[in-house]
Amino acid sequence: MSDARFLLIWLLPTMALLNVGQGAARAGLWTLMSWALIAGIDAFWPGAQKSPPPAAPTDGKPPLAWLLRLYVPLQLGLMGVGLFAAAQGTVWEVACLALAVGFVTGGQGITYAHELGHSRHRGDRLLAWVLMTSVGYPQFMVEHYRGHHVRAATRDDPASARRGESLWRFLPRTVGGSFMGAWRLEAARLRQLKQGWLHSPLAWATAVNAALVLALAAWGQYAMLGFWLGQSAFAIWLLETVNYIEHYGLERQVSASGQREPFGLMHAWNADHMATNSVLANLQRHSDHHMHAWKPFPTLQALPGPQLPTGYAGCLMLAALPPLWFGLMHPRLDALRAQGLG
């Protein structure tokens, strides 16, 4: 059964948990090796450039949702072990632990929060809030669903990268724009419902993060604080670099009156590489996700839209080197536009 590959969802956090318990240096090395292995399989393993076909749609219950729900306590346990291991660590050890845990919380935890947040079940959306709060980025839970999905691949969207914009120029624009956009959207929602900020999950999640940071600082646990902030920063970097990759240089038409062209398969970059799709819940089938946001991840289809040079694991590395990224992506954009598709 092809869906068995999604059991890999639990592999990385389980291995991270084991390696964090064995020491910071081992955990950091394991992270770099895992990242390189996934990218290498995507790029070079024969047949790994294509994932199995989508699962058949089901009525009512989303398939394999339990995999993501049970992932949540696994991540929280990993973060607890990481905090404990960092308590007496040196700066180098704290950095290694933050890398190891942030690789999981950002690469997988944010991805699964994204999927759970698209669920029609309130309990799943609560779990998504827990995951995003755990990396200090709860504004994603507002901006992504009410902002990005409306404005993706337009100049109005802070999470859509423009042609010629490097990752390092994109990052401050998307982080700042997403933060401000989330609070504006939440304020508008509360006004519409005639409710105060005590009814805002964004306000509560932000308060929880601030309280944790202040408590660690007041307690004098600066190593634990450094770990917490470090894993959050790396997780956010992974999220926003994936955002950079997903719509780079692609634009929907917007009329003079502000009417946006409907989102189509040509407005997101896709990849069907099996290793990354298996651990990231088919996130790389991104056009289908935007066109059918409520579809559960096993049922997403590989559409013939714009294709990335390799899977996300490899593209994260390529995007960090702007000349290399531009050299690979601009000919693809030019080819799409020559066909009248970009």
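The structure this text deals with has already been given above.
Enquirer: Would you mind going over the overall build of the protein chain with me for this structure?
Expert: A tally of helices and strands in the protein chain yields 13 helices and zero strands. Each helix (α) and strand (β) of the protein chain, taken in turn from the N terminus, gives the series α-α-α-α-α-α-α-α-α-α-α-α-α. For 342 residues, the compact-globule estimate of 2.2 N^0.38 gives 20 Å, and the protein chain sits close to it at 20 Å. Reported as C-alpha extents along the three principal axes, the dimensions of the protein chain are approximately 60 × 55 × 45 Å. Scored against the burial criterion, the 342 residues of the protein chain give a buried share of 54%.

Enquirer: How should helix α7 (residues 167-193) be read in this particular structure?
Expert: Three- or four-residue spacings in an α-helix give side chains the same orientation, since the helix completes a turn every 3.6 residues. A rise of 1.5 Å per residue sets the reference length of α7, with its 27 residues, at 39 Å; its end C-alpha atoms lie 38 Å apart and thus fit the reference within 8%. Three or more residues of α7 are buried, namely Leu167, Phe170, Leu171, Thr174, Ser178, Gly181, Ala182, Glu186, Ala187 and Leu190. In this structure, the buried side of α7 is in contact with α6 (140-151), α8 (201-219), α9 (222-246) and α12 (312-319). Once α7 finishes, Lys194 follows within two positions and takes phi at roughly 55°, a positive value.

Enquirer: Is there a simple way to think about the side chain of Arg285 in this case?
Expert: Its location among the elements puts Arg285 in the loop between α10 (274-279) and α11 (286-291). At 2.8 Å, the side chain of Arg285 and the backbone oxygen of Pro52 are in polar contact. At 2.7 Å, the side chain of Arg285 forms a polar contact with the side chain of Asp272. Not counting the four nearest positions on each side in its chain, Arg285 is found in contact with Ser51, Pro52, Pro53, Pro54, Asn270, Ala271, Asp272, Asn277, Leu300, Gln301 and Ala302.

Enquirer: What is the right way to look at helix α1 (residues 11-22) in this model?
Expert: The terminal C-alpha atoms of α1, which comprises twelve residues, lie 17 Å apart, in line with the 16 Å expected from a rise of 1.5 Å per residue. Listed in full, the buried residues belonging to α1 are Leu12, Pro13, Ala16, Asn19 and Val20. With its buried residues spanning 130° around the axis, α1 presents them on a single face. For α1, the exposed residues set more than 90 degrees away from the buried face come down to Leu18, Gly21 and Gln22. Contacts from the buried residues of α1 go to α2 (24-44), α3 (65-86) and α4 (91-117).

Enquirer: Can you help me understand the packing of α7 against α9 in this one?
Expert: Angle between the axes and distance between the axes are the two parameters that describe a pair of packed helices. Two elements in contact, α7 and α9, have axes whose closest approach is 10 Å; the angle formed by their N-to-C orientations is 110°. It follows that α7 is roughly perpendicular to α9 by the angle criterion. Contacts from Leu167, Trp168, Phe170, Leu171, Thr174, Val175 and Ser178 in α7 reach Trp237, Glu240, Thr241, Asn243 and Tyr244 in α9. Among the residues making up the contact of α7 with α9, the classes are represented as seven nonpolar, four polar and one charged.

Enquirer: Looking at this structure, how should I read the nonpolar core?
Expert: In globular proteins that are soluble, nonpolar side chains generally tend to be buried together. Residues Tyr244, Ile245, Leu308 and Trp325 are the most contacted members of the largest nonpolar core, which totals 87 residues. The residues contacting Trp325, other than those within four sequence positions of it, are Tyr244, Ile245, Tyr248, Leu308, Cys315, Leu318 and Ala319.

Enquirer: Mind showing me how you'd approach the side chain of Asn282 here?
Expert: Within the fold, Asn282 resides in the loop between α10 and α11. Classification of Asn282 as buried rests on a relative accessible area of 0%. Residues within four places of Asn282 in sequence aside, it is in contact with Arg5, Phe6, Asn277, Phe297, Pro298 and Leu300.

Enquirer: Teacher, can you tell me more about the packing of aromatic side chains here?
Expert: The description of an aromatic ring pair rests on the distance of the ring centres and on the angle between the ring planes. Counted according to the given criterion, the structure contains 15 aromatic pairs. When the centroid spacing of 6.4 Å and the interplanar angle of 25° are considered together, the rings of Trp168 and Trp237 count as stacked. Here the residue Trp168 occupies a position in helix α7, and Trp237 occupies one in helix α9, the gap between them amounting to 69 residues. Accessibility expressed as a relative area gives 43% for Trp168, which makes it partly exposed. Of the residues examined, Trp237 reaches a relative accessible area of 17% and is grouped as buried. A centroid spacing of 5.4 Å and a plane angle of 40° characterise the contact between Trp183 and Trp197, whose relative ring orientation is tilted. With Trp183 in helix α7 and Trp197 in the loop between α7 and α8, this pair connects stretches of sequence that are 14 residues apart. Counting every residue linked through ring pairs, the aromatic cluster contains Trp35, Phe103, Trp168, Phe234 and Trp237.

Enquirer: Explain unusual backbone geometry to me, please; I cannot follow it from the model alone.
Expert: Note: most residues except glycine have negative phi, and most peptide bonds are trans. In this structure, Lys194 takes a positive phi of about 55° despite not being glycine. By the secondary structure assignment, Lys194 is in the loop between α7 and α8. The phi angle at Asn282 is positive, at roughly 60°, despite the residue not being glycine.

Enquirer: How should the pattern of salt bridges be read in this particular structure?
Expert: For side chains of opposite charge, pairing can occur when their charged atoms come near one another. Throughout the structure, instances matching the rule amount to nine salt bridges. Close ionic contact of Arg151 with Glu143 constitutes a salt bridge, the shortest N to O distance being 2.5 Å. Across the pair, exposure class does not vary: Arg151 and Glu143 are buried alike. Linking Glu251 and Arg155 is a salt bridge whose minimum nitrogen-to-oxygen distance equals 3.4 Å.

Rules and cut-offs
- Residues numbered from 1 in each chain as written.
- Predicted model: local features only at pLDDT ≥ 70, side-chain atom pairs only at ≥ 80, totals over all residues.
- Heavy atoms only, no water.
- Helix = DSSP H or I, 4+ residues; strand = E, 2+ residues; numbered from the N terminus.
- Rg over C-alpha atoms; globule rule 2.2 N^0.38 Å.
- Buried < 20%, exposed > 50% of the residue type's maximum accessible area, 1.4 Å probe, protein only.
- Expected span 1.5 Å × (residues − 1).
- Contact = heavy atoms within 4.5 Å.
- Polar contact = N/O pair within 3.5 Å; in protein donor to acceptor, adjacent residues only side chain to side chain.
- Arc of directions from axis to C-beta.
- Axes fitted to C-alpha atoms, helices over the stretch in contact; angles between N-to-C directions.
- Parallel < 35°, antiparallel > 145°, perpendicular 65-115°, else oblique.
- Nonpolar A, V, L, I, M, F, W, Y, C, P; charged D, E, K, R; others polar.
- Core = buried A, V, L, I, M, F, W, Y, C linked by side-chain atoms within 4.5 Å.
- Phe/Tyr/Trp six-rings, centres within 6.5 Å; stacked < 30°, edge-to-face > 60°.
- Salt bridge = Lys/Arg side-chain N within 4 Å of Asp/Glu carboxyl O.

Geometry only, nothing functional implied.
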